[in-house]
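# Residue-level structure breakdown
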Amino acid sequence: MIELKSRRDIEAMRRAGQVVAECHRRIARMIRPGVTTMEINRLVERVMAEYGARPYQIGYRGYPYAICASVNDVIAHGFPSDEPLKEGDIVTIDTVAELDGWLGDSAWTYAVGRVSPVAEKLMRVTRECLELGIAQAKVGNRLGDIAHAIQTHAERNGFGVVRDLLAHGIGRKLHEEPGYMHVGKPGKGLRLKEGMVFTIEPMLTEGTYFMTIDEDGWTARTLDGKLAAQYEHVVAITADGPEILTAQ
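Keep in mind that this is a model prediction, so the values were computed, not measured.

Once that is clear, we can look at the sheet that holds strand 3 (residues 74–76). With antiparallel pairing, three strands are arranged side by side in an open sheet as 3-12-11. What marks the edges here is a single partner per strand, and that holds for strand 3 and strand 11 (211–213). Each strand of the sheet is rotated relative to its neighbour by a mean of 40 degrees, with strand direction disregarded. Here strand 11 runs beside strand 12 (residues 220–222); their pairing, made up of three bridges, is antiparallel. Residue pairing for strand 12: Met211 is matched across the bridge by Thr222.

Shown next, in the form of structure tokens:
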């Protein structure tokens, strides 16, 4: 069942979302060759503590860290490590903050120094897909309108759209209804209503959209070893249009 949020709920979620946004603002200033994703993990823990928030991912279904750190061919759910990032890497940092019982969730892909033209294009198109999807998040539209806008732009640019990892509703729980793929047909799927709050989080791949899971049970990689990128916001459906609760 989909839980519609009140204006008060949405404002509380915005406060949690802004903790996550501040984490990403600090990460953006920190990213460079030689930095480790474990250092980023510690940064996120400190920022959340500053705001009285909790890193919700720690302990979620047994996950041990405050962030997911997905480097190059890792699509999502990569573990942070002490291995330094290298010039030309791309890394997606995904984190969730809990504040006053409400959640904020956002992932962002960062370039480490100068990256290849294909990595640069993949990142740009993935972010454009996020923006196009958000533009369709309006009362009366359907989830298929969001998904179709993302899929069309990605495939027009020669990239794959991951099917096996879903966007999701969010509120006091991380994964609420609806769960949905970022591929679909316009005019199909759940009709959007005022008060719905969910993530829009396209994951694009340089090559195939098929993936594998490492032995750790979490790390999702592209099957062909090519690059992946992801950008994610939490979006509220309102009478005045989509509101981004994790805007940086």
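There is more to say, and it comes next.
Once that is clear, we can look at the pattern of salt bridges. If you walk through the whole model with that rule in mind, you get 15 salt bridges. Between Glu11 and Arg14 there is a salt bridge whose closest N-O contact spans 3.2 Å. Highlighted residues: Glu11 and Arg14, both in helix 1 (residues 7–30), separated by three residues, approximately one helical turn. When its relative accessible area of 24% is taken as the criterion, Arg14 is described as partly exposed. The partner of Glu98 in a salt bridge is Arg54, with the nearest N and O atoms 2.7 Å apart. With Glu98 in strand 4 (residues 90–99) and Arg54 in strand 1 (residues 54–55), the pair connects residues that are 44 residues apart, well separated along the chain. A residue is classified by how much of its surface remains accessible, and Glu98, at 18% relative accessible area, is buried.

For Asn141, the position within the fold is in the loop between helix 3 (117–135) and helix 4 (143–156). A distance of 2.9 Å separates the side chain of Asn141 from the backbone oxygen of Gln136, its partner in a polar contact. In contact with Asn141, not counting residues within four places along its chain, are Gln136, Leu190, Arg191 and Leu192.

Right, let's get into the layout of surface pockets. Considered as a void within the structure, the largest pocket measures approximately 530 Å³ in volume. In terms of lining, the largest pocket is formed by 25 residues, of which the most central are His77, Leu166, His168, Leu174 and His175. Taken together, the elements giving at least two residues each to the lining of the largest pocket come down to strand 4, strand 7 (167–169) and strand 8 (176–180). It is strand 8 that contributes the most residues to the lining of the largest pocket, three residues altogether. Its residues placed into classes, the lining of the largest pocket shows 11 nonpolar, six polar and eight charged. Of the volumes computed, that of the second largest pocket is approximately 320 Å³. When the residues that make up the lining of the second largest pocket are grouped by side-chain class, the tally is six nonpolar, five polar and seven charged.

In this section: unusual backbone geometry. Excluding glycine, a negative phi dihedral is what most residues carry, and trans is how most peptide bonds are arranged. The peptide bond linking Glu177 to Pro178 adopts the cis configuration, its omega dihedral lying at 5 degrees. In this structure, Pro178 sits in strand 8. The backbone phi angle of Arg61 is positive, close to 50 degrees, even though this residue is not glycine. Following the sequence through the fold, Arg61 ends up in the loop between strand 1 and strand 2 (67–71). By relative accessible area, which is 64% here, Arg61 ends up exposed.

So, how was this worked out
Residues numbered from 1 in each chain as written. Predicted model: local features only at pLDDT ≥ 70, side-chain atom pairs only at ≥ 80, totals over all residues. Heavy atoms only, no water. Pairing = 2+ DSSP bridges. Helix = DSSP H or I, 4+ residues; strand = E, 2+ residues; numbered from the N terminus. Axes fitted to C-alpha atoms, helices over the stretch in contact; angles between N-to-C directions. Salt bridge = Lys/Arg side-chain N within 4 Å of Asp/Glu carboxyl O. Buried < 20%, exposed > 50% of the residue type's maximum accessible area, 1.4 Å probe, protein only. Polar contact = N/O pair within 3.5 Å; in protein donor to acceptor, adjacent residues only side chain to side chain. Contact = heavy atoms within 4.5 Å. 1 Å grid on protein atoms, 1.4 Å probe; cavity = no way out; pocket = protein on both sides within 12 Å on 5 of 7 lines; lining within 4 Å. Points joined across faces, edges and corners; volume = space filled by probe spheres on them. Nonpolar A, V, L, I, M, F, W, Y, C, P; charged D, E, K, R; others polar.

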